[in-house]
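Inside the fold
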Amino acid sequence: MLPPEIELDAELRKVVTIRACCTLRLFVPIKGRPAPEVKWAREHGESLDRASIESTSSYTLLIVENVNRFDSGKYILTIENSSGSKSAFVNVRVLDTPGAPQDLKIKEVTKSSVTLTWEPPLIDGGSKIKNYIVEKRESTRKAYSTVNANCHKTSWKVDSLQEGCNYYFRVLAENEYGIGLPVETSESIKVSERPLPPGKITLLDVTSNSVSLSWEKPEHDGGSRILGYIVEMQSKGSEKWSTCATVKVTEATITGLIQGEEYTFRVSAQNEKGISDPRQLGIPVVAKDLVIPPAFKLLFTTFSVLAGEDLKVDVPFVGRPKPAVFWHKDDIALKQTTRVNAESSENNTVLTIKEACRDDVGTYLVKLTNSAGEATETLNIVVLDKPGPPTGPVKVDEVTADMTGLIENHDYEYRVSAENAAGLSEPSPPSIYYKACDPIYKPGPPNNPKVVDVTRSSVFLSWGKPIYDGGSEIQGYIVEKCDVSDGEWAICTPPTGIKNTHMEVEKLVEKHEYKFRICAVNKAGVGEHADVPGSVVVEEKMEAPDLDLDMELRKIVNVRAGGSLRLFVPIRGRPTPEVKWGKMDGDIREAAIIDTTIKWEKAEGRISERTQIEVTSSYTMLVIDNVNRFDSGRYNLTLENNSGKKSAFVNVRVLDTPSAPINLTIREVKKDFVTLAWEPPLIDGGAKITNYVVEKRESTRKAYATVTNNCTKNSFKVTQLQEGCSYYFRVLAVNEYGVGLPAETPDPVKVSEPPSPPAKVILVDVTRNSASIKWEKPESDGGSKITGYIVEMQTKGSIKWSACTQVKTLEATITGLSMGEEYSFRVIAVNEKGKSDPRELGVPVIAKDIEIQPSAELLFNTFTVKAGDDLKIDVPFRGRPLPTVSWKKDGNPLKETTRVNIHTSKTSTSLSIKEASNEDLGHYELRLSNTAGSTTASLTVVVLDRPGPPTDPKIMDSTRSNITIGWTKPLFDGGAPVTGYTVEYKKTDETDWTTAIQNLRGTEYTISGLVSGSEYVFRVKSINKIGVSEPSDVSEPQMAKEREEEPAFDIDSEMRKTLIVKAGGSFTMTVPFRGKPVPNVTWNKPDTDLRIRASIDTSDSCTSLTIEKATRNDSGKYTLTLQNVLNTATLTLIVKQNVSQNVYFKIIEKALNLFTVKR
């Protein structure tokens, strides 16, 4: 059985640092028998699903691939078997971009700004947070825009926000490895603030227990809708304001007031952001009924109504207390009926008259009376009714054609009714009959007849109305044609004519010559004709294409990105021209084609889905909705028919962000920077390029980080890059309309450069035809893996260096040398970026055989191995010619067996010991010899094993419940210091042992809690770092009881010699003793009562007697007696006085200072 052990490497005891996206490997050797169970865990219970764990009986390996910031932390390893358990931990720090900032809060919101606060990220990515990036987006948009890319605080005020809009905000931390994860506001933030106070407050009314107030809305609602108003009041003499009403309108009545009490009122507005400052009523209000004399508030005193309709006369008034109301009509009290009645309230009286008639016309008087006085008002009511009939008879003075609605030549009689606002009166008596007639004549000829257009089968004519219509409306026109070849006229219109003043005469014979004439028709008949001047040959009319560009289209047409581009161009031509739209430097993109009469096509490029082109015989129109920068350019319009061709162009400038810069190239790459160069975008978006934004991202990441957002040149040096990492770069142009499209490097750029030269070059060996050299790695690999080394040589007297070998290791042997020739050598390192400068061997080499005295290169002189494990000791050596090798152990030649063997090569010798045991420990000697000399190397092998058992366990003491046991250290410590002991005990009649203590450092221990009267035996085990020994021999049985021991003195022969004291001096005799039970102690001296003469001090294990100012009488024998239940012990001590004053007294000393003499 072997308790579990964990051997953490020194590197794992430190913080393990690893770059993000790399692989974490934690290799930990373990021991234990039986093989322990292995458990890996994270400190806070994080999942290890991404980790692969491999465990054997001798090691455990945890691997996490593609680590990220969340893999940082403490990894706890626990191993356990039946002999115990052991735990250890490894701290891992992943160098990554930071985690998300914590606890993002909205500290303050105003109508144009929002103040954010946050805490640093829990995970800083293994690097100090340099700054924060603050971003915003409107809730209606998906993309964030940067507010501040270099915030060094954990708060920021985002201003210049649109009042009333909703925004999301997010914050990202940045360290030297890039921009981390964002923390975002969970809900959108409305940019608003508390409203301003309400406007002027007006006192509307006051009674003994209520007050009515009104107020104006606040001048500004803070960007959010007013949700309501809070009315507060304060009693006179009080400092407390209490809420008395909450309303959504701009007036309120506060009830429950105390009569005679004085109150002050104030009103606050409330929106979703909070409550405004209050607006106070200018004067305090006393709750009491007001006494106001009656008074009218009429706007006018005359009221009109149509007969038969209802009339309601509202008479407002004021008065406190409520006045009594009296109505009179024509000085008589108004009699109220179901048709006429008056109703009164506190502030008005209403007179209602239903179906008014002439009886209701008159003067009405209203009288108001209360305790403060009275008031009267006179009202006039007018009932509007139809008038009476006019008086007859009706006379007709004249009949003309201007009268409408009459049928010509019919007889009519006439009557008249009067009309006012109320309606028509009864009609007058009728007149005699009159005939409706007016003299008319045939119309004159149509005006200005002409040919408008001619085709191969028709002629288009137009004309104007006759100057003279003959006194009758023109009812139509008749068109006639005459083929000159036969001279006959034919009507082209229906017999009744046509209403229009234009006509297309169809079905004419091509190439024939025609004449045309036109007549007007009215009620009197067909008028005189008008001839179309000349004759017309029917054939297709040819007209070259033409177009009319508006003046605005002759300038540059500017349109904002996202808007619509409309190019309307009138066109003409016969036959109708074919229309072609083209774009000089790109594509026309089109969504739908509306082509009413003409075929069209696009000059070049593809058609997209956002362009509409409409073409008719008289115009063409191009429409592009939601334009962007790519719609800028020259638009060509081409018209073409049989008569010719016409072209024009329109320059369009879309005011947008720029297109991508072009020709982005990598100008220079070093191990920590990259220099970029580019050319301006082809499309500047209609505005000057103000600057460029340069961004980078590691090839293992998806998000770009801003390097600079204010580059004003066409090149930039990106510094502080991680050597050996691969990056993508992109550049975006900026104009007054924003940031444009990016130009990105198509492939990642590895940040590296040619390596530095190899380090020190050393000559390893030389023969008559070869030389072996080795070298150290370059100080820097330039950020890329070293792919190999080139070895070059130069013959003495030559200036030419030639490559003699290429290797991938740090050594090379150059063969084919000429004996006695002198050579120089140099080495060049190579990576994917190129060759380093060469490193030359310090001295030239002559090709010849050399002798070298043997030497061994031992790094250590002591080698340690655990019992049962294998040990291999490698000893590199040098020597020319090849030295012979011999091994000795403890002065004797080492005997090789199947378990112990030696293997020797040209450069080293190794000693292998399988399953090491105690017989392998000792001193070993290695001897190397050749013709140049010999050398010896000594080394020691220590085999670590469990220690031997402790020896000589014995009972030191006992009581009724405790027994003390002691022992001796083991003879063999197992090659490692004994770190402690395990004490076990059992009753003599039991078989199972009980552990009293483990890892005890001393060699004595008291076992407590034993059963009084029971007999026990004990054993002890040794412990070192390898394990626990076998148990010691069992102690003698010991009963748990008070131990009995005869009294005895613990002094030797020296203490029994005579004590010489000086007269007048002082002396003390101290005697240690033992015995159980503790013996009684008695000091005696013949003829002397020592209780008076001496000072006696006694404990359980020691007694002392002291005499001051000794005299001759103090000389003599002193008897010390010990007595307990077992026996009695006696000790005699002799004291003599020295009579000589010049003699110093002998002091016999032991560790306990048994005798002390004072001079």
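Calculation notes
- Residues numbered from 1 in each chain as written.
- Predicted model: local features only at pLDDT ≥ 70, side-chain atom pairs only at ≥ 80, totals over all residues.
- Heavy atoms only, no water.
- Helix = DSSP H or I, 4+ residues; strand = E, 2+ residues; numbered from the N terminus.
- Rg over C-alpha atoms; globule rule 2.2 N^0.38 Å.
- Buried < 20%, exposed > 50% of the residue type's maximum accessible area, 1.4 Å probe, protein only.
- UniProt positions renumbered as here; feature names shortened; annotations may be inferred.
- Salt bridge = Lys/Arg side-chain N within 4 Å of Asp/Glu carboxyl O.
- Polar contact = N/O pair within 3.5 Å; in protein donor to acceptor, adjacent residues only side chain to side chain.
- Contact = heavy atoms within 4.5 Å.
- Core = buried A, V, L, I, M, F, W, Y, C linked by side-chain atoms within 4.5 Å.
- Phe/Tyr/Trp six-rings, centres within 6.5 Å; stacked < 30°, edge-to-face > 60°.
- Lys NZ or Arg CZ within 6 Å of the ring centre and 35° of its normal.
- Pairing = 2+ DSSP bridges.
- Axes fitted to C-alpha atoms, helices over the stretch in contact; angles between N-to-C directions.

Moving on to the overall build of the chain. Of the regular secondary structure elements, the chain holds three helices and 98 strands. Taken over the C-alpha trace, the chain has a radius of gyration of 62 Å; the compact-globule value for 1159 residues is 32 Å, which it surpasses by more than 25%. Based on the C-alpha atoms only, the size of the chain along its principal axes is roughly 195 × 120 × 65 Å. In the chain, buried positions account for 40% of the 1159 residues.

This brings us to the UniProt feature "domain: Ig-like" (unreviewed entry) in the chain. When the UniProt feature table is mapped onto this chain, "domain: Ig-like" (unreviewed entry) is found at residues 4–93, 294–382, 854–940 and 1047–1132. Between the C-alpha atoms that bound residues 4–93 the distance is 28 Å, and the span itself is 4% helix and 60% strand. Secondary structure within residues 294–382 divides into 0% helix and 63% strand; the distance between the first and last C-alpha atoms comes to 27 Å.

What follows concerns the UniProt feature "domain: Fibronectin type-III" (unreviewed entry) in the chain. The positions that UniProt labels "domain: Fibronectin type-III" (unreviewed entry) are, in the present scheme, residues 100–194, 197–290, 445–541, 660–754, 757–850 and 949–1043. Strand forms 49% of residues 445–541 and helix 0%; the C-alpha atoms that close the span are 29 Å apart.

The next thing to look at is the pattern of salt bridges. Counted by the stated rule, this structure contains 45 salt bridges. Across the salt bridge formed by Asp-71 and Arg-50, the nearest N and O atoms sit 2.9 Å from each other. Highlighted residues: Asp-71 in the loop between β6 (59–64) and β7 (73–81) and Arg-50 in the loop between β4 (37–42) and β5 (51–55), separated in sequence by 21 residues. For Arg-50, a relative accessible area of 43% gives the class partly exposed. Between Arg-194 and Asp-277 there is a salt bridge; the shortest N-O distance is 3.6 Å. Of this pair, Arg-194 sits in the loop between β16 (189–190) and β17 (201–206) while Asp-277 sits in the loop between β23 (274–275) and β24 (279–280), and the two are 83 residues apart along the sequence. Look at Arg-194 and you get partly exposed, because its relative accessible area is 42%.

Here Asn-175 lies in strand β14 (residues 166–175). At a separation of 2.9 Å, a polar atom in the side chain of Asn-175 contacts the main-chain carbonyl oxygen of Asp-124. Ignoring any residue separated from it by four or fewer positions in sequence, one finds Asn-175 in contact with Asp-96, Thr-97, Pro-98, Asp-124, Gly-125, Ser-127, Lys-128, Ile-129 and Lys-130.

Moving on, we get to the side chain of Arg-697. Structurally, Arg-697 can be placed in strand β59 (residues 691–698). Overall, the relative accessible area of 15% leaves Arg-697 in the buried class. Separated by 2.6 Å, the side chain of Arg-697 and the backbone oxygen of Arg-701 make a polar contact. Once you skip the residues sitting within four places of it in the chain, Arg-697 turns out to touch Lys-702, Ala-703, Tyr-704, Ser-726, Tyr-727, Tyr-728 and Glu-744.

With respect to the element layout, Thr-620 can be found in strand β54 (residues 619–624). Classification of Thr-620 by relative accessible area gives buried; the value is 0%. Separated by 41 residues in the primary sequence, Thr-620 and Val-579 have C-alpha atoms spaced 7.8 Å apart. Excluding anything up to four places from it in sequence, Thr-620 contacts Leu-567, Phe-568, Val-569, Ile-571, Val-579, Trp-581, Ile-613, Glu-614, Val-615 and Leu-637.

Counting residues in hydrophobic clusters, the biggest one holds 23 residues, and the most contacted among them are Leu-565, Leu-567, Trp-581 and Val-652. Contributions of two or more residues to this core are made by β48 (557–560), β49 (565–574), β50 (578–583), β53 (611–615), β54, β55 (633–641) and β56 (644–655).

Per the counting criterion, the structure on display carries 17 aromatic pairs. In textbook terms, an aromatic cluster arises when at least three aromatic residues are bridged by ring pairs, as seen for Tyr-985, Tyr-1016 and Phe-1018. Between Arg-517 and the ring centre of Trp-489, over which it is positioned, the NZ or CZ distance is 4.1 Å. In this arrangement the basic side chain of Lys-1085 is found over the ring face of Tyr-1118, its NZ or CZ atom lying 5.7 Å from the centre.

Moving on: the sheet that holds strand β82 (residues 933–944). Taken together, five strands build an open sheet; the order of strands is β75-β82-β81-β77-β78 and the sheet is mixed. Since the sheet does not close on itself, it has two edges, and those belong to β75 (862–866) and β78 (892–893), each with one partner. Where strand β77 (residues 884–889) lies against β78, two bridges are found, and the strand directions are antiparallel. If you follow Lys-889 over to β78, its bridge partner there is Asn-892.

Okay, the sheet that holds strand β69 (residues 811–815) next. Within the open sheet, the three strands sit side by side as β65-β66-β69. Their pairing is antiparallel. A strand with exactly one partner marks an edge of an open sheet, and here the two such strands are β65 (761–766) and β69. Within the sheet, the average angular offset between the axes of one strand and its neighbour, ignoring direction, is 25°. Pairing between strand β66 (residues 770–775) and β69: five bridges, direction antiparallel.

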